[in-house]
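The primary structure of each chain is shown beneath.
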Amino acid sequence: MSRWRPPSAGSTAIITADGHARLKAELEELWHVRRPEVVRALAAAAAEGDRSENAEYTYRKKQLGEIDRHVRYLSKRLPELRVAEGTPRDLDAVYFGAWCTFEDEDGNSVTYRIVGPDETDAGQGWISIDSPLARAALGKHVGGEFEAQLPGGMASFVIAAVRYHAPV
């Protein structure tokens, strides 16, 4: 059996204005604050002598590589992203940037915000527009039903509420 796998689908290049500002701030912080600190610590560790047994030097080299890798990723990704601003005309339908409350068959409700793949955060309830749940809900109106293929199997939901401003 071959180890070849088809390439994964590219993520949608869309982001909210807040998410774009956060990524830009992260890039600035990495490039102008964290990287110079690590470079100074690396130079100090290199000055200690034998690098082959210098754990601090090895750690700082790896840390610098991780920072450079992330800076390179953000530098390439930010220009690709399209910032979605404003709200759609139909405020009762699910579109990008919406806070949506879904009810499942058991009457349990959960609220998610549909955001770009670069700003997902499970702790805040922000799900990617590329997720199966968001894809199935897009374009549906309040009161509408939809089904989504989730890791636990097929699930049915009803859209209880949609809003385009942050919940209080």
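Residues numbered from 1 in each chain as written. Predicted model: local features only at pLDDT ≥ 70, side-chain atom pairs only at ≥ 80, totals over all residues. Heavy atoms only, no water.

J.: Can you help me understand the environment of Leu138 in this one?
T.: By the element assignment, Leu138 lies in the loop between helix 3 (132-137) and strand 6 (145-150). C-alpha of Leu138 to C-alpha of Cys100: the two residues are 38 residues apart in sequence and 10 Å apart in space. Discounting chain neighbours no more than four positions away, the residues touching Leu138 are Val94, Tyr95, Phe96, Ile114 and Ile129. (Helix = DSSP H or I, 4+ residues; strand = E, 2+ residues; numbered from the N terminus. Contact = heavy atoms within 4.5 Å.)

J.: In this structure, what is going on with the pairing of strand 6? I would like to understand it.
T.: On any regular strand, side chains alternate: one points to one face of the sheet, the next to the other face. Relative to strand 7 (residues 153-163), strand 6 runs antiparallel, the two being bridged by 6 bridges. Along strand 7, the bridge assignment pairs Glu147 with Ser156. (Pairing = 2+ DSSP bridges.)

J.: What should I look at first to understand the packing of helix 1 (residues 17-46) against helix 2 (residues 55-80) in this one?
T.: How two helices sit against one another is set out by the angle between their axes and by the gap between those axes. Contact geometry of helix 1 with helix 2 gives a least axis separation of 9 Å together with a crossing angle of 155 degrees. If you check the angle between helix 1 and helix 2, you find them roughly antiparallel. Of the two possible hands of crossing, helix 1 and helix 2 adopt the one that is left-handed. Partitioning the contact of helix 1 with helix 2 into residue classes produces 16 nonpolar, 4 polar and 8 charged. (Axes fitted to C-alpha atoms, helices over the stretch in contact; angles between N-to-C directions. Parallel < 35°, antiparallel > 145°, perpendicular 65-115°, else oblique. Left-handed = near helix turned anticlockwise from the far one by under 90°. Nonpolar A, V, L, I, M, F, W, Y, C, P; charged D, E, K, R; others polar.)

J.: Honestly, the sheet that holds strand 4 (residues 109-115) in this entry has me stumped. Any pointers?
T.: The pairing of strands in a sheet happens through backbone hydrogen bonds and is either parallel or antiparallel. Strand order in the open sheet made by the 5 strands is 5-4-3-7-6, with mixed pairing throughout. The open sheet terminates on both sides in strands that have one partner only, identified here as strand 5 (126-128) and strand 6. Ignoring which end each strand starts from, the neighbouring axes of this sheet average 45 degrees apart.

J.: In this structure, what is going on with helix 2? I would like to understand it.
T.: The periodicity of an α-helix, 3.6 residues per turn, causes residues three or four positions apart to be oriented the same way. Between the first and last C-alpha of helix 2 there are 38 Å, a value that for 26 residues agrees with the 38 Å anticipated at 1.5 Å per step. The backbone nitrogen of Glu56 lies 3.2 Å from a side-chain oxygen of the residue at the head of helix 2, namely Asn54. (Expected span 1.5 Å × (residues − 1). Polar contact = N/O pair within 3.5 Å; in protein donor to acceptor, adjacent residues only side chain to side chain.)

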